[in-house]
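# Structure at a glance
Listed below are the residues making up each chain.
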Amino acid sequence: ALEVAKHTFTGSSGDAEVDAVLGARDMIQNLNAADELMEQGRSEGDLDKMAKAVEMRPGDYTYRTSYASALLKNGDTDMAQQEFVDADEAVRGYSSDHAQAYADHGIDELGMMRPDFEKNGFASADQCPLYNGRMAYFYEIKAATGEAYFREQRDAYRAKEAACQ
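Residues numbered from 1 in each chain as written. Predicted model: local features only at pLDDT ≥ 70, side-chain atom pairs only at ≥ 80, totals over all residues. Heavy atoms only, no water.

### Quick word on the nonpolar core
Here is the rule: Residues belong to one nonpolar core when they are buried, are Ala, Val, Leu, Ile, Met, Phe, Trp, Tyr or Cys, and are joined through side-chain atoms within 4.5 Å. Throughout this description, buried means an accessible area under 20% of the type-specific maximum (1.4 Å probe, protein chains only), exposed means over 50%, and partly exposed covers the range between. Secondary structure elements are taken from DSSP: a helix is a run of H or I of four residues or more, a strand is a run of E of two residues or more, and numbering for both begins at the N terminus. Contacts were defined at the residue level, with two residues in contact if any of their heavy atoms lie within 4.5 Å.
Formed by 33 residues in total, the largest nonpolar core has its most connected members in Leu72, Tyr102, Leu110, Tyr131, Met135 and Phe138. Of all the secondary structure elements, the ones that give two or more residues to this core are helix H2 (16-44), helix H3 (47-56), helix H4 (61-73), helix H5 (77-91), helix H6 (97-111), helix H8 (127-143) and helix H9 (148-163). For this core, the element with the highest residue contribution is H8, accounting for eight residues. Ignoring sequence-local partners within four residues, the contact set of methionine 135 consists of Ile107, Leu110, Gly111 and Tyr157.

Printed below as a string of structure tokens:
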């Protein structure tokens, strides 16, 4: 108990093994807190909670993609573009199979916006090319599987991106 208190106040208990265990505990608590913030942010549409979760786990491409998608939906296309670029960078740090999961996540996140955009249109001229360009990008990643459907979707979104005015 004394070692835990010492670690809490000074960052070290003086015992390397205890510090390792407590460090792992703190890391897991941080991951859980970030997960909770992101889930709340996603369900409530709370950009501040999402931003905090991304700050806590900057290398999590799923967090960055969710946050970027929410920013895009809210019309902050510059910040959304930057978060998408940061997500692209983050996924490069993982094995190649994560690229497909990244594309699936991006398609899912952006796909949820499609009915609203189709019904109400884009709120700004910048939303259209970013939305369609990102969908094309994610389908490009999926097209690496060789499935014609993904190439067709990529091409369709590229055409929509080119038609944005």
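### Topic: H5
Filter applied, for reference: Between the first and last residue of a helix there are one fewer steps than residues, each counted as 1.5 Å, and that sum is the expected span. For this quantity, the arc is that covered by the directions from the helix axis to the C-beta atoms.
Taking 1.5 Å per residue as the helical rise, H5 with its 15 residues ought to reach 21 Å, and the 21 Å between its terminal C-alpha atoms agrees with that figure. If you check which residues of H5 are buried, you get Thr77, Ala80, Glu83, Phe84, Ala87, Asp88, Ala90 and Val91. In an axial view of H5, the angular spread of the buried residues amounts to 165 degrees, which keeps them on one side of the axis. Projecting away from the buried face of H5 at angles above 90 degrees are the exposed residues Asp78 and Glu89.

### Looking at the environment of phenylalanine 84
When you line up the elements, phenylalanine 84 lands in helix H5. For phenylalanine 84, the contacting residues outside a window of four places in its chain are Thr65, Ala68, Ser69, Tyr102, Leu110, Leu130, Arg134 and Phe138.

### Side note on the state of the cysteines
For the record, the criterion: Note on terminology: disulfide denotes any pair of cysteine sulfur atoms within 2.5 Å.
What the rule picks out here adds up to one disulfide. Here cysteine 128 pairs with cysteine 164 through a disulfide, and the sulfurs are 1.9 Å apart. When the S-S torsion is -70 degrees, as for the bridge of cysteine 128 with cysteine 164, the disulfide is left-handed. You can see cysteine 128 sitting in helix H8 and its partner cysteine 164 sitting in the segment after H9, a full 36 residues away along the chain. Per residue, the accessibility class of cysteine 128 equals that of cysteine 164, and both read buried.

### Focus: the pattern of salt bridges
Pairs can form between side chains of opposite charge once their charged atoms are near each other. Let me state the cut-off plainly: Salt bridge, as used here, is a side-chain nitrogen of Lys or Arg placed within 4 Å of a carboxyl oxygen of Asp or Glu.
Tallying each qualifying case throughout the model produces 13 salt bridges. A salt bridge links glutamate 44 to lysine 49; its shortest N-O distance comes to 3.0 Å. By relative accessible area, which is 23% here, lysine 49 ends up partly exposed. Ionic pairing is found between glutamate 161 and arginine 158, a salt bridge with its closest N-O pair at 2.9 Å. Highlighted residues: glutamate 161 and arginine 158, both in helix H9, separated by three residues, approximately one helical turn. In the salt-bridge network here, residues are joined through shared partners; they are Arg64, Glu83 and Asp86.

### Points about the packing of H4 against H8
Selection criterion: For helices, the fitted line uses only the C-alpha atoms of the stretch in contact; every axis is such a line through C-alpha atoms, and the angle between N-to-C directions lies from 0 to 180 degrees. Working rule for angles: under 35 degrees goes down as roughly parallel, over 145 as roughly antiparallel, 65 to 115 as roughly perpendicular, anything else as oblique. Working rule for handedness: look at the near helix, and if it is turned counterclockwise from the far one by less than a right angle, call the crossing left-handed; if clockwise, right-handed. Side-chain classes follow a simple rule in which Ala, Val, Leu, Ile, Met, Phe, Trp, Tyr, Cys and Pro form the nonpolar group, Asp, Glu, Lys and Arg form the charged group, and the remainder, Gly included, forms the polar group.
Contact geometry of H4 with H8 gives a least axis separation of 10 Å together with a crossing angle of 150 degrees. It follows that H4 is roughly antiparallel to H8 by the angle criterion. Classified by chirality, the crossing of H8 by H4 is left-handed. Residues Thr65, Leu72 and Lys73 of H4 touch H8, and the partners they reach there are Gln127, Leu130, Tyr131 and Phe138. Residue composition of the contact of H4 with H8, by class: four nonpolar, two polar and one charged.

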